[in-house]
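Analysis of the macromolecular model
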Amino acid sequence: SAGHLIKATHLAKNFISSVLKAGDVAVDATMGNGNDTIFMAELVGDTGKVYAFDIQQKALDETKIKLSNQSLLHRTELIHAGHEDMDQYVKTEAAAIMFNLGYLPKGDHHIVTRAQTTIRAIEKGLSLLKTNGLLTITIYHGHPEGLDEKEAVLSYVKNLDQKLFNVLYMEFINQANNPPLLVAAEKK
Ligand code: SAM
């Protein structure tokens, strides 16, 4: 559809699709309605695994139905826990990790990702990444907690050691109303 290619969520998926292969492990740090979980479950195949996290039971319930309908549920672990605890559940290296920050579309707009836990989760995600693995972060900063979170995330990723990570930051420069931002970090 028109204006679909240059869209933060689409760009994030494009990056991920170039690294995530059959048999890989991936993490969806913010399951929500399950779009990224489904996307990555398709890529990892029957021999791979996608660990998906959300603090809302509603996200797990809806994602589970969608995955079942597409016969993809067996490729996933849906975890009702905060992404800041992902290291308790993911014990192997991951090829791809996606963060889609903010609130659940069509859900409770008061339940949002927050700077402190988001940073802890990104830190853990980066240490789970395998060499040439990729972590993407789509940042929405138009809601009250979003501005703090944006600043915390950008200052954290800016200071990652360039010997260890390549970090890219993309923003829309001609759009009103706080368009989403995209960060992609590749482990060297
Ligand atoms: N990628 C999702 C999709 O395809 O629909 C959208 C994700 S939505 C923008 C952000 C999600 O993060 C919400 O569902 C929210 O409940 C969840 N969330 C908030 N804090 C969290 C945390 N600490 N750990 C994991 N998920 C969290």
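Check the entry above for the structure.
Remember, it's a predicted structure, so these values are computed and weren't measured experimentally.

Moving on, we get to the nonpolar core. Generally speaking, soluble globular proteins have nonpolar side chains that are buried together. Judged by nonpolar contacts, the single largest core of 30 residues is most densely connected at Phe99 and Ile137. Mapped onto this core, the elements with two or more residues apiece are strand S1 (25–28), strand S2 (49–54), strand S4 (94–100), helix H4 (115–128), strand S5 (129–139), helix H5 (146–158) and strand S7 (181–187). The element that contributes the greatest number of residues to this core is H4, accounting for five residues. The residues contacting Phe99, other than those within four sequence positions of it, are Ala29, Thr30, His83, Met86, Ala121, Ile122, Leu135, Thr136, Ile137 and Thr138. Counting residues in each nonpolar core, the second largest holds 18 residues, with Leu11, Ile38, Val50 and Met98 among its members.

What follows deals with the packing of aromatic side chains. In total, this model carries one aromatic pair according to the counting rule given. Summarising the aromatic geometry, the rings of Phe53 and Tyr89 are spaced 5.8 Å apart at their centres and angled 70° between planes, so their arrangement reads as edge-to-face. Of this pair, Phe53 sits in strand S2 while Tyr89 sits in the loop between strand S3 (76–80) and S4, placing them 36 residues apart in sequence. Positioned above the aromatic ring of Phe39, the side-chain terminus of Lys13 is 5.4 Å from the ring centre.

Cut-offs applied
- Residues numbered from 1 in each chain as written.
- Predicted model: local features only at pLDDT ≥ 70, side-chain atom pairs only at ≥ 80, totals over all residues.
- Heavy atoms only, no water.
- Core = buried A, V, L, I, M, F, W, Y, C linked by side-chain atoms within 4.5 Å.
- Buried < 20%, exposed > 50% of the residue type's maximum accessible area, 1.4 Å probe, protein only.
- Helix = DSSP H or I, 4+ residues; strand = E, 2+ residues; numbered from the N terminus.
- Contact = heavy atoms within 4.5 Å.
- Phe/Tyr/Trp six-rings, centres within 6.5 Å; stacked < 30°, edge-to-face > 60°.
- Lys NZ or Arg CZ within 6 Å of the ring centre and 35° of its normal.

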